[in-house]
Amino acid sequence: MTMRILTAVLRTIRNSRRLAIGLLILGVMVLLALFSPLIVNAIGGGKDPIEVAAYEKWLVPGPGHLLGTDQFGRDVFAMVVKALSVSLQIGAIAGIISTVVGVIVAFVAGYKGGWIDGILSTFTGILLVIPTFPLLIALSAYAKNVTLFQVGVMISIFAWPFAAKTIRSQVLSLRTRPYVDLARVSKARDLEIIVTELLPNLLPFIGVGFASSALGAIFGLVGLEVIGLGPGGVVDLGQIIFNAITTGALTLGAWPMFVVPIVLLTLLFAALNMVNIGLEEVYNPRLRGVAGE
Amino acid sequence: MKSELELRGVQQRFHARGVADGYITAVDDVSFSLAASPPQIVSLVGQSGSGKSTIARNVLGLQKPTAGSVLYGGKDIFKLNRAEYDEYRRDVQPVFQDPYAIFNPFYRVDRVLWKAVKKFKLASTREAGLTLIEESLRAVRLEPENVLGRYPHQLSGGQRQRIMLARVHMLRPSFIIADEPVSMLDAQVRKHFLDILLDFQTEHGMTTLFITHDLSTVYYLGGEVMVITKGQIVERGPVSTVMHEPSHPYTKLLLDSIPQPDPDQRWTSRIAVDELDDLEETDAQAAPAPEAPIL
């Protein structure tokens, strides 16, 4: 059984080059993040390379320090690896929470319709027009010493309506399809219709919802870090960029501090999108080309 | 099996903006009944927007009428208990209009048939189920190896519509509600499809409510016919009578609108669309209102 699922997954990946590349990039990043404590240890060689004044400050990239050191003498490579793990975590937390909430609200509203849809849509609409960032600032300032998870939850509160709105409109259009009627005359229940008839056709939208919430959260955290309201004691990719800008790292030859986090964020963005497009190709047989198999 | 399907004063209104009273009445006080024995074909004919598809949705239990009731075996289909509901579902099955949209593009076409096998417990083992599916596919003149394992977009419209017939063949309902099943098929496939429906009537004793806008297919099928316009049934009777001695002006108009495959019999006059509307207002009362349901 496990083997069958595994071979099915492998075949799916082989069918789409985009999906393969996207998953590869994402996989490498997740591996880097998972092994970040080991990598940081290896770089430090016994002591903490991210400690203030661990090394001399503003060392240029070289064999000892692949990406040089920053204004406090911290190893930039170690910082980037650790920050990547933080950024991926916040993306995963906020992405999962807001996708799950968004999908549930969208399906209940879109499928049930009537006054339930009215209430849920109004609520979603209200959350959509609230200016998110000022509120996040207020919330962070109010809740001192917030953890990474709490920030994730706070960002999700304002991220799920986007997913809910797009998916709801799709549910509205899909639920009137004849195949839904056919399922109903075949004695399928509402939940069964939602899960087996509607959900598979909405996977690309759900995927996009997840990717945009995750990216929104990652960039949201960047914004909070910039004004010093991020979760205590962690360094994310945004903070490194912010440090690079405020200290003028580029003029001091410490270009990796600026370039590497941006390249990583861009790669992350590209990888998530490639996975999305790839999944859509795989799950929508019509895009697979005329011959099919 | 309970052997009667009856519509009693069914009315269906929809909310609409920009209309005088805020409602559009799609079906207006429609009553008729269908009997399972003897098996028969009853056609419901009307133009687009006359309410015929809404009636199909009412009969199939997909849309609850705003007034009146749909009775199956004498009971309202929206108030059936579990066992009665199961029986009704099994006994009243549709063939829909659009052979493209009826399949979920996500799945292979087999799923529709397997779902019927599983939901209605037609077979206890996989082998028995497959035998049943292959048998039904052959009954609608499809080669199982040509269609099984395919995706909907890899099959033609006629093949897809016949898969729906195979599904009906497996379930053996007493009633088939066929909502414009041939409107998207070409002439040759259409005849093929109608022949299968006639076979179902004679061989398996299925009664068909055949909804269409096309009088030539009605003529081919024979049986009884009801003419519906603006949500009301204005004429009913055996096909030969209605076709040769139409009593309602709308029926006459419909008959005049059948194109003839004969170059010497081209349409000489044009039918303006507002002519249709005028007809309704002036002549609707003049026509004898058919009171008692036929059948």
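Keep in mind the model is a prediction, meaning the values are calculated, not measured.

Caption draft 1: Highlighting the pairing of strand S3 (residues 41-45) of chain B. Of all five residues making up S3(B), five are buried, and the element is well covered by its neighbours. Across the two faces of S3(B) the burial is the same, with B:Ile41, B:Ser43 and B:Val45 and B:Val42 and B:Leu44 all buried.

Caption draft 2: View of the interface of chain A and chain B. At the junction of the two partners, chain A supplies 22 residues and chain B supplies 30 residues. Summed over both sides, the interface between chain A and chain B buries roughly 2500 Å², with carbon and sulfur atoms accounting for 53% of that surface. Taken together, chain A and chain B are joined by six salt bridges. When the shortest N-O distance is used, the salt bridge between B:Lys115 and A:Glu197 registers 3.6 Å. If you look at where chain A meets chain B, you find 13 residue pairs in polar contact (both at pLDDT 80 or more). Listing elements by their share of the side of chain A that touches chain B, those giving two or more residues are helix H8 (178-185) and helix H9 (190-226) of chain A.

Caption draft 3: Here's a closer look at the pattern of salt bridges. For the structure shown, the criterion picks out 16 salt bridges over all chains. With its nearest N and O atoms 3.0 Å apart, the salt bridge here joins A:Asp70 to A:Arg74. Of the two residues, A:Asp70 and A:Arg74, both sit in the buried class. Here B:Asp76 ties to B:Lys79 by a salt bridge, and the two come within 3.9 Å at their closest N and O atoms. For B:Lys79, a relative accessible area of 65% corresponds to the exposed category. Here the residues in one salt-bridge network are A:Glu192, A:Glu197, B:Arg111, B:Lys115 and B:Lys119, joined through shared partners.

Caption draft 4: Seen up close, empty space enclosed by the protein. What the rule picks out here adds up to four cavities of 30 Å³ or more. One number sums up the size of the largest cavity: a volume of about 140 Å³. Residue lining of the largest cavity: 15 residues in total, with A:Leu182, A:Glu197, B:Arg111, B:Val112 and B:Lys115 positioned closest to the centre. Those elements that place two or more of their residues in the lining of the largest cavity are H8 of chain A together with helix H3 (110-119) of chain B. When the residues that make up the lining of the largest cavity are grouped by side-chain class, the tally is eight nonpolar, two polar and five charged.

What counts, and at which threshold
Residue positions within a chain follow its written sequence, with the count starting from 1. To read the labels, note that chains go from A and ligands from 1, taken in the order they are written. Given that this is a predicted model, residues contribute local features only at a pLDDT of at least 70 and side-chain atom pairs are listed and counted only at 80 or more, while totals for whole chains, interfaces and linings are drawn from all residues. Note that water and hydrogens are dropped before the side-chain values are worked out from all heavy atoms of the structure. Throughout, exposure labels follow a simple rule: accessible area from a 1.4 Å probe, protein chains only, divided by the maximum for the residue type, with under 20% read as buried, over 50% as exposed, and the rest as partly exposed. Here a helix means four or more residues in a row that DSSP labels H or I, a strand means two or more in a row labelled E, and each is numbered from the N terminus. In what follows, residue pairs with any heavy atoms lying within 4.5 Å of each other are defined as contacts. Each of two parts loses accessible area, computed with a 1.4 Å probe, when they are put together; buried area is these two losses added. The term salt bridge refers to a side-chain nitrogen of Lys or Arg lying within 4 Å of a carboxyl oxygen of Asp or Glu. Polar contacts, as used here, are pairs of N or O atoms within 3.5 Å; protein pairs need one atom able to donate a hydrogen and one able to accept it. Residues neighboring in sequence count only if both atoms are side-chain atoms. Cavities and pockets were defined on a 1 Å grid built over protein atoms only: a cavity is a set of grid points that admits a 1.4 Å probe from which the probe cannot escape, a pocket is an open set flanked by protein on both sides within 12 Å along at least five of seven lines, and lining residues are those with an atom within 4 Å of any such point. Grid points are joined across faces, edges and corners, and a volume is the space filled by probe spheres set on the points. Charged residues are taken to be Asp, Glu, Lys and Arg, nonpolar residues to be Ala, Val, Leu, Ile, Met, Phe, Trp, Tyr, Cys and Pro, and polar residues to be all remaining types, Gly included.

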